[in-house]
Amino acid sequence: MNNPITWRSFLPSPASRPSFPVLFWAIAGYVCCQLIPTVGAESAYQEPDYSKLKPESGPITLEVWTWVVGLDKAARLFEQAYPDIKVHVNNVGGGPSEYQKVQTAIKAGSGGPDVAQIEYDFLPSFIATEGLTDLSKYGAADVKSFFVPWTWGQVSPDEKAVYGIPQDSGPMAFLYNKKIFDQYGLTVPTTWDEFAKQAEKLAQATGGKVKLVDFPPTHAPWFISLAWANGAELFKAQGDSWTQSLNSPACEKVLDFWADLIKKKYVATIPDFTAEFYNAVGSGQIAGSIEAAWGPGVLAASLNDKTSGEWQVAPLPQWSKDQPFRAGNWGGSCDVVLKQSKYPKAATLFCVWLNAAKGPVLSNWTSYGIFPASSSGLASPDLNQPDKNPSKFCGGQNVAQVYSDASKAVNVDFAWSPWFAFANDDYNKQIAALISGSVTAKQALDAWQEDSLKNAAADGYDVKGK
Amino acid sequence: MRRYRKTAFLFLTPFLAVFIAFYLAPVGYALYLSLFIRKRIGVGPPKEVFGGLANYIRAVQDTDFLNGLKNMFVFGVVQVPVMLGLAILLALLLQQSRGFFMKICRTAFFMPYGIPTAIGALVWGYLYSANLSPFNQILQAFHQGKIDFLSPAVVLFSIANIVTWTWTGYNMITLFAALQNIPSDLYEAARVDGAKTWDIVRRIQIPLLLPTLQILFIFSVIGTSQLFTEAFVLRPLGYLADNITPNLYLYLTAARDANYGYAGALAILLALLIFAISGPFLRRIASR
């Protein structure tokens, strides 16, 4: 929380011993500020001091690659604030199709953008190419406190170099269709145990026609986010070597759970982001979805507001009621500056401004469902716009609040590896085998671990399984 | 003579410039890259060091790559004969018929070739999705089970179907043109000698189509080795193995894993293999 009145103002002057009333009011004041965070945050949307990030002089044009629809509108606002800098936004396709172009440009040494959007899980593979600028050289380390701690951990894995500015995040929650839940008398699960019971209940009530959720078989980061919420850590760099634990007990517990639901046909196994998936959700064949913060917005847009208002978001189910609440993250991305950029300072300024300034941060969420990585953005009550998606899709619910609570419960220490792009695709192979019934969850994870280790070792990484 | 040679080169320059810039130079660069391997010390970026044939040795031992080549052969053996057989059949049928209907058929068969491969594959992707597919809806109307066209066991045939759909019309038109070139007096002579339609097809048309068929066969084999777009477009819709085609495998090695040296070696090996297969055929055709 960004406290408007610093705690120092309540401290007694060193010369005098504090009298009781002073201490009382001091403590009372402090407690009040803690209790009403929204009031405090509203008047204190904190932004970095952009004047410390000096761009190069003269007219500058920045080339920006992204797949966020509407980023060009934010860029126009930036151009108004900094008339010497023109920003050319280029939507070159989402995720892998952009990465492959950026990767090629880095290899070629030219032809790349100044700024590119990269998801956290793919960032290490770009760091390994040495094609990214360490933004701490241009003052980026000073803006760390303006971002959610775990997102900063993602862009600065060694806590020294800063390879990107966090743009958005994807903490996980459970999105469910309230109409279907009411129709079949389902309760919103708070634990995975209850979740499995509801899945069974729904399958029996509908003769298997309606599934509780979909298990997306080709999106490793979805599964990883759930393992993340179960305390799993997949990759770790230690000194000169790496460890990889894709088949740890924490991962196995999660996949075992889902393998059981898949086997009993209580959940669907339709690839996400396909016409088939949206058709199944829109026609009521799927009653819920475990979605990242950006998920409800994508769903609302993809369903063209079909079933709009029928949905609700609940916190991610937990493994045990006694543990502190834990969530994972799926996706989320940062903006990096390529080494081949002629204007690294201006590019750094743009990245910081884009992701810390109130205007673009809030409009990204209410216009495109892109959930902020900025601390002030996350705490801002303006994030709740009941008449706009994704809140509108969820019947006006304060969706942002659920996800911002989830964001606070994401493990900071989770890290990725440069060969994740391979592991990401190899997961699909193992899950295809799991769904076909030819392997168990443990065998699938063991094979995933082994294939990925083999690939990393062939590429010269000193890596051990753990 | 020398003066003519100069003029010839002058006329060839536009072609040669493009050929060198966009064909020979990239091949040379791939060859150069393929001789380097990546050495890593610690977690930092790799050093590219000269590795001689290390990438090639790795490639011939890479079971994923070899299985990709196997997929390519299975595909070629099944798809190419089916496609060319269909093309011959359609060309002969078109040649027999006359009038407006024939023109419509000719255009309709040829049309898939005019659709960009990526668009065609996208449309087929919809037709292949398990629950939305009209094929499955027809099957279900007859109380048959669903086919998952994108499942590992079936997907190679699903891709073969797209390729056949795209290229049969193209091959048909080429064969149809070759049929038009057969002098009509041959037919007349055959008719006078009492030949039936089937005799004409078997004894005149097919033999005279053979040279064209050989060329089409070679082009199809080369096309098979370059299969990429269909698999690449279908990938987001389900699980398609990295090595479903060798070209996809080497693309992912370069663009995803950023291992350009190894990808270069794979590309060179694939090219050599295709040269080895198609070279003798082309020489035989050229020497005729």
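Rules used throughout
Residues numbered from 1 in each chain as written. Chains lettered and ligands numbered in written order. Predicted model: local features only at pLDDT ≥ 70, side-chain atom pairs only at ≥ 80, totals over all residues. Heavy atoms only, no water. Contact = heavy atoms within 4.5 Å. Buried area = accessible area lost by both parts, 1.4 Å probe. Salt bridge = Lys/Arg side-chain N within 4 Å of Asp/Glu carboxyl O. Polar contact = N/O pair within 3.5 Å; in protein donor to acceptor, adjacent residues only side chain to side chain. Helix = DSSP H or I, 4+ residues; strand = E, 2+ residues; numbered from the N terminus. Axes fitted to C-alpha atoms, helices over the stretch in contact; angles between N-to-C directions. Parallel < 35°, antiparallel > 145°, perpendicular 65-115°, else oblique. Left-handed = near helix turned anticlockwise from the far one by under 90°. Nonpolar A, V, L, I, M, F, W, Y, C, P; charged D, E, K, R; others polar. Buried < 20%, exposed > 50% of the residue type's maximum accessible area, 1.4 Å probe, protein only. Core = buried A, V, L, I, M, F, W, Y, C linked by side-chain atoms within 4.5 Å. Pairing = 2+ DSSP bridges.

Enquirer: Would you mind going over the interface of chain A and chain B in detail, with residue names and values included?
Expert: The interface is formed by 29 residues belonging to chain A together with 30 residues belonging to chain B. Between chain A and chain B the total buried area reaches about 2500 Å² when both faces are included, carbon and sulfur atoms providing 54% of it. When the area that chain A buries against chain B is broken down by residue, the three leading residues are Gln 100, Lys 107 and Glu 276 of chain A, summing to 24%. Linking chain A with chain B are 4 salt bridges. Two residues, Asp 425 of chain A and Arg 256 of chain B, come together in a salt bridge whose shortest N-O distance is 2.4 Å. For the interface between chain A and chain B, the tally reads 9 residue pairs in polar contact (both at pLDDT 80 or more). By residue number, the principal contributor to the side of chain A that touches chain B is helix α17 (residues 420-436) of chain A, which donates 6 residues.

Enquirer: I'd like to hear about the packing of helix α5 (residues 117-128) of chain B against helix α7 (residues 155-180) of chain B, residue by residue, with values.
Expert: Residues and elements named next belong to chain B. Where α5 meets α7, the axes come as close as 11 Å, and the angle between the chain directions of the two elements is 135°. Taken together, the axes of α5 and α7 are oblique relative to one another. α7 is crossed by α5, and the crossing has right-handed handedness. Along its contact with α5, which presents Gly 120, Ala 121, Trp 124 and Tyr 128, the element α7 presents Ser 158, Asn 161, Ile 162 and Trp 165. A breakdown of the residues in the contact of α5 with α7 according to their chemical character gives 5 nonpolar, 3 polar and no charged.

Enquirer: Got a sec to walk through the side chain of Thr 243 of chain A? Specific residues and values, please.
Expert: Residues and elements named next belong to chain A. Locating Thr 243 in the fold gives a position in strand β7 (residues 241-244). Looking at Thr 243, the relative accessible area reads 14%, which means it is buried. Every residue in contact with Thr 243, bar those within four places of it in the chain, is listed here: Leu 234, Phe 235, Lys 236, Gln 238, Val 463, Lys 464 and Lys 466.

Enquirer: Outline the nonpolar core, listing residues and values.
Expert: Counting residues in each nonpolar core, the largest one holds 150 residues, and the members touching the most others are Phe 195, Phe 223, Trp 258 and Ile 290 of chain A. The residues touching Phe 223 of chain A, leaving out its near neighbours within four places in the chain, are Cys 251, Val 254, Leu 255, Tyr 427, Leu 445 and Trp 448 of chain A.

Enquirer: Lay out the pattern of salt bridges in plain terms, naming residues and giving numbers.
Expert: All names here are of chain A. Across all of its chains, the model carries 18 salt bridges over all chains by this definition. Lys 179 is the salt-bridge partner of Glu 310, the closest N and O atoms lying 3.5 Å from each other. Residue Glu 310 is located in the loop between α12 (295-302) and β9 (311-315), and its partner Lys 179 is located in helix α7 (residues 178-183); the two are separated by 131 residues in the primary sequence. Among the residues examined, Glu 310 registers a relative accessible area of 21% and is labelled partly exposed. In this structure, the salt-bridge partner of Asp 446 is Lys 442, at a minimum N-O distance of 3.2 Å.

Enquirer: How would you summarise the sheet that holds strand β2 (residues 85-91) of chain A if you had to cite specific residues and measurements?
Expert: Residue and element names in this part refer to chain A. The 5 strands are arranged β2-β1-β3-β10-β4 in an open sheet whose pairing can be described as mixed. Lying at the two open borders of the sheet, with one neighbouring strand each, are β2 and β4 (165-166). The pairing of β4 with strand β10 (residues 333-337) spans 2 bridges and is antiparallel. In the sheet register, Pro 166 faces β10, and the bridge partner there is Cys 334. Those strands touched by helix α3 (residues 71-81) are β1 (60-66) and β2, and its axis lies near 175° from that of β2. Those strands touched by helix α13 (residues 344-356) are β1, β2, β3 (115-119), β4 and β10, and its axis lies near 165° from that of β10.

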